[in-house]
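# Breakdown of the fold
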Amino acid sequence: MKFFRHRRRILVGPPVLILLITAVGCSSADDDARAAVPSPGAKVVELCRKLDKVLPEKADGQDRRDPTPASALTAGWGNPAIILRCGVPRPAEMSDPEADGVEVNGVGWLLQKQGDGSFRFTSTLRKAYVEVTIPAKRTGDGMAPLVDLAPAIKKAVPVGIAD
């Protein structure tokens, strides 16, 4: 009798397993955004943790979907993801007097257009450098994500020069 039940489980098991494998195979792991986690000093890490706590749940109308690996130094919104990384190194382009800069709601940004059509913005004159990458598919929205992120940055990252 136990043999019959065991055999019955085996007959039911493979179709369920195949269904599960198919479902997993159909879900796209590529939908998960990835972001390199910066490795700043302890003072900047603390500022970035404060920033993470006050970041909005939506940016440019997109829900927050943090990238992998999970970290208080990174955040993301939407798909394709708008990616924020806090505690990045100072971009060399900040020394270039010809570099493009913008100010959005009281936060200064270095603007860098990337080869793939995306834009990377790095905050200026703050105690920690905050980088926001807007993918090419979202650049039509202009700087809307920066408008949504500015209040949190002003609240958590004081004005000054990052070490």
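Here, every reference points to the structure presented above.
Below you will find a few notes about this structure. Everything numeric in this text was worked out from a predicted model, so none of it was measured.

The rules we used
Residues numbered from 1 in each chain as written. Predicted model: local features only at pLDDT ≥ 70, side-chain atom pairs only at ≥ 80, totals over all residues. Heavy atoms only, no water. Helix = DSSP H or I, 4+ residues; strand = E, 2+ residues; numbered from the N terminus. Contact = heavy atoms within 4.5 Å. Phe/Tyr/Trp six-rings, centres within 6.5 Å; stacked < 30°, edge-to-face > 60°. Buried < 20%, exposed > 50% of the residue type's maximum accessible area, 1.4 Å probe, protein only. Disulfide = S-S within 2.5 Å. Core = buried A, V, L, I, M, F, W, Y, C linked by side-chain atoms within 4.5 Å. Salt bridge = Lys/Arg side-chain N within 4 Å of Asp/Glu carboxyl O.

Looking now at the side chain of T74. Tracing the backbone shows T74 in strand β3 (residues 74–77). Not counting the four nearest positions on each side in its chain, T74 is found in contact with A35, A36, V37, P38, D52, R64, D66, P67, P69, L84 and R85.

Under the defined criterion, the tally for this structure stands at two aromatic pairs. Pairing W109 with F121 gives two aromatic rings, centres 6.5 Å apart and planes at 85 degrees, and the pair type is edge-to-face. Of the two residues, W109 is situated in strand β6 (residues 107–113) and F121 in strand β7 (residues 119–124); the sequence distance between them amounts to twelve residues. No difference in accessibility class separates W109 from F121, as the two residues are buried. Put simply, the rings of W109, F119 and F121 touch in pairs and so form one group of aromatic residues.

Let us look at the state of the cysteines. The full count for this structure, using the stated rule, is one disulfide. Two residues share a disulfide in this structure: C48 and C86, whose sulfurs sit 2.1 Å from each other. The chirality of the disulfide connecting C48 with C86 is left-handed, given an S-S dihedral of about -80 degrees. Here C86 lies in strand β4 (residues 82–86) and C48 lies in helix α2 (residues 42–54), a separation of 38 residues in the sequence. The pair C48 / C86 is uniform in exposure class, with both members buried.

A few words on the nonpolar core. Judged by nonpolar contacts, the single largest core of 27 residues is most densely connected at L51 and L84. If you list the elements that add at least two residues to this core, you get α2, β3, β4, β6, β8 (130–134) and α3 (144–156). Residues in contact with L84, not counting those within four places in the same chain, are L51, L55, L73, T74, A75, W77, V130, E131, V132 and L149. Ranked by size, the runner-up nonpolar core spans five residues in total, among them M94, L110, Y129 and A162.

On to the pattern of salt bridges, then. If you walk through the whole model with that rule in mind, you get four salt bridges. Close ionic contact of R64 with D52 constitutes a salt bridge, the shortest N to O distance being 2.5 Å. One end of the pair, R64, is in the loop between β2 (62–63) and β3; the other, D52, is in helix α2, and twelve residues separate them in sequence. The partner of R85 in a salt bridge is E131, and the shortest N-O contact between them spans 2.8 Å. Remark: E131 occurs in strand β8 and R85 occurs in strand β4; sequence separation between them is 46 residues. Taken individually, R85 and E131 each receive the classification buried, so the pair is uniform in this respect. Within this structure, D52, R64 and D66 form a network of salt bridges that share partners.

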